[in-house]
Amino acid sequence: KLKTPAKIYYKFEGNNTSGSHKLNSAIAQAYYAKEQGLKGVTTETGAGQWGTALSMACSYLELDCKVYMVKCSYEQKPFRREVMRTYGASVTPSPSEETEVGRKILAEHPGTTGSLGCAISEAVEVATHTDGYRYVLGSVLNQVLLHQSVIGMEAKIAMDKYGIKPDIIIGCAGGGSNLGGLISPFMGEKLRGEADYRFIAVEPASCPSLTRGVFAYDFCDTGMVCPLAKMYTLGSGFIPSANHAGGLRYHGMSSTLSQLYHDGYMEARSVEQTAVFEAAEQFARVEGILPAPESSHAIKAAIDEALKCKETGEEKTILFGLTGTGYFDMMAYEKFHDGVMTDYIPTDDDLKVGFDGIPRFPGNME
Ligand SMILES: *Cc1c(COP(=O)(O)O)cnc(C)c1O
């Protein structure tokens, strides 16, 4: 279709009810929570994939599951909420009046559509105030990247079996878990000097933590109750516009990926929403799979790289992570088809507000 000499492969993670790679980590985290003798877990969800995955995992392991869902997603995706409730989870739109931090955020930003950072603060507050509960996170942290390394291992085993070596490995990056997991065995080879690969992280232009953020210690949540992490960040107070790739609306980025990017082992680029949906539609028409908007960021970059090969005549092999399906994102597809989708890009002044909230201490943000 692209008439390119490049070969494109993708690792698909959407064949489960959660519709994404998130189940890889949800099952592991629910298992350890059960082993620890906990009654239940709390969490946040943006687009709803993590909440759905954790609800499924908790129902298998008979754990209670309380989900704080970013308000704009809760409203845009009522069916996601019902899938979670089918698996027995309770779902609250965030910010809510149920928690101290939710009430505080609502007082400061009335009418806010919420963010992952706010929802994390609420879920953490409930876990720390409820006996037998712990908070679990579906991205960003190293244990989540570890669980997701199954994506990269399966992809590498399959490609090795057919004697195929990717030149370029591409993934969408929200908190960094699918990309971190996909690249892990390949990055290991690169760091040990055994093989060379190009790695590309793709993020939305509306929430550009790697491409326009700063590398500093920052809070992982808006309520500033979580520990600080050194990462590329837009500031924990940054509330992204209600863009349709809910799973990519996080102000920070996995510390591991941030360090790899900082040290020059990985590239990053940002793409605009309508271009992402053009790529999604092109992919759906050729491959049949209806991709998630998040995953379509990787599709867009893979197409762009393949088209570059068309110009240069290079027969590159491209591998990208197809993290999930977009059946719950049809309102976004509708906006795209009706030509009313917008491309919001924050101005430097918008970003400055977030940067101003990053903690100042010697060696940080100087
Ligand atoms: C959550 C999600 C993402 C982004 O999260 P990462 O931790 O960056 O992988 C991407 N795609 C889908 C389908 C998701 O559900």
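Refer to the preceding data block for the structure.
Small disclaimer: the values here were computed from a predicted structure and weren't measured. (Residues numbered from 1 in each chain as written. Predicted model: local features only at pLDDT ≥ 70, side-chain atom pairs only at ≥ 80, totals over all residues. Heavy atoms only, no water.)

Trainee: It is not clear to me how the overall build of the protein chain should be interpreted in this structure. Could you clarify?
Mentor: Secondary structure assignment for the protein chain yields 14 helices and 11 strands. For a compact globule of 366 residues, the expected C-alpha radius of gyration is about 21 Å, and the protein chain comes in at 20 Å, within 12% of that figure. Here the C-alpha coordinates of the protein chain stretch approximately 60 × 50 × 45 Å along the principal axes. Within the protein chain, buried positions represent 59% of all 366 residues. (Helix = DSSP H or I, 4+ residues; strand = E, 2+ residues; numbered from the N terminus. Rg over C-alpha atoms; globule rule 2.2 N^0.38 Å. Buried < 20%, exposed > 50% of the residue type's maximum accessible area, 1.4 Å probe, protein only.)

Trainee: Help me understand the environment of Leu54 in this model?
Mentor: Within the secondary structure, Leu54 sits in helix H2 (residues 49-60). Note: C-alpha distance between Leu54 and Asn24 (30 residues apart in sequence) is 9.9 Å. Not counting residues within four places of it along the chain, the set of residues in contact with Leu54 comprises Ala26, Val41, Thr43, Cys65 and Val136. (Contact = heavy atoms within 4.5 Å.)

Trainee: I keep staring at the nonpolar core and nothing clicks. Help me out?
Mentor: The nonpolar side chains of soluble globular proteins are, as a tendency, buried together. In terms of nonpolar packing, the biggest core is built from 26 residues, with Ile169, Ile183, Phe199, Leu210, Leu257 and Met266 touching the most fellow members. For this core, the secondary-structure elements that each account for two or more residues are helix H7 (142-161), helix H8 (177-191), strand E7 (198-204) and helix H10 (255-262). Per-element accounting of this core gives the leading share, 5 residues, to H8. The residues touching Leu257, leaving out its near neighbours within four places in the chain, are Leu145, Gly176, Leu179, Gly180, Ile183 and Met266. (Core = buried A, V, L, I, M, F, W, Y, C linked by side-chain atoms within 4.5 Å.)

Trainee: Please explain the side chain of Asp218 as it appears in this structure.
Mentor: Turning to its location among the elements, Asp218 is positioned in strand E8 (residues 214-219). One buried charged residue, Asp218, remains without a salt bridge, the closest side chain of opposite sign being Arg360 at 8.2 Å. Within the local environment of Asp218, its side chain forms a polar contact with the backbone nitrogen of Ser236, the two atoms lying 3.1 Å apart. (Lys, Arg positive; Asp, Glu negative; His and termini not counted. Salt bridge = Lys/Arg side-chain N within 4 Å of Asp/Glu carboxyl O. Polar contact = N/O pair within 3.5 Å; in protein donor to acceptor, adjacent residues only side chain to side chain.)

All quantities given are derived from atomic positions and should not be read as evidence of function.
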